[in-house]
Amino acid sequence: MRDKVIKVVCEGQGNNQVAQHPRIYLQVQENSEVTCPYCGKEFVYEPSEC
Ligand SMILES: [Zn+2]
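Residues numbered from 1 in each chain as written. Predicted model: local features only at pLDDT ≥ 70, side-chain atom pairs only at ≥ 80, totals over all residues.

Engineer: So what exactly am I meant to see when it comes to the overall build of the chain here?
Structural biologist: Helix and strand counts for the chain come out as 0 helices and 4 strands. Helices (α) and strands (β) of the chain occur, in sequence order from the N terminus, as β-β-β-β. Burial status across the chain gives 2% buried among its 50 residues. Within the chain, contacts between residues at least 6 apart in sequence are counted, and of these 24% link residues at least 24 apart. (Helix = DSSP H or I, 4+ residues; strand = E, 2+ residues; numbered from the N terminus. Buried ≥ 20, exposed ≤ 12 C-beta atoms within 10 Å, placed from the backbone. Contact = placed C-beta atoms within 7 Å.)

Engineer: Sorry if this is basic, but what is going on with the pairing of strand S2 (residues 24-29) here?
Structural biologist: One face of the sheet, then the other: side chains in a regular strand alternate in exactly this way. Taking burial as the measure, the 6 residues of S2 include 0 buried ones, a minor fraction of the element. Here strand S1 (residues 5-10) pairs with S2 via 6 bridges, running antiparallel. Within S2, the position partnered with Cys 10 by the bridge is Ile 24. (Pairing = 2+ DSSP bridges.)

Engineer: Honestly, the environment of Tyr 25 in this entry has me stumped. Any pointers?
Structural biologist: Relative to the helices and strands, Tyr 25 resides in strand S2. Judged by the 8 C-beta atoms lying within 10 Å of it, Tyr 25 falls in the exposed class. When the C-alpha atoms of Tyr 25 and Lys 7 are compared, they prove to be 6.6 Å apart, with 18 residues separating the residues in sequence. Apart from residues lying up to four places away in sequence, Tyr 25 is in contact with Lys 7 and Val 9.

In structure tokens form, the structure reads like this:
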């Protein structure tokens, strides 16, 4: 079985200028989550439904 990984982009939390940062790409493993090292935003794996 292959690990499913999705890519997400984070460039800060919008209107909060303090939390803004350069655009970075994060990889989220299936059934896992990743936290943005800049702003602490959490991204949870969400399977795309086509
Ligand atoms: Zn971020």
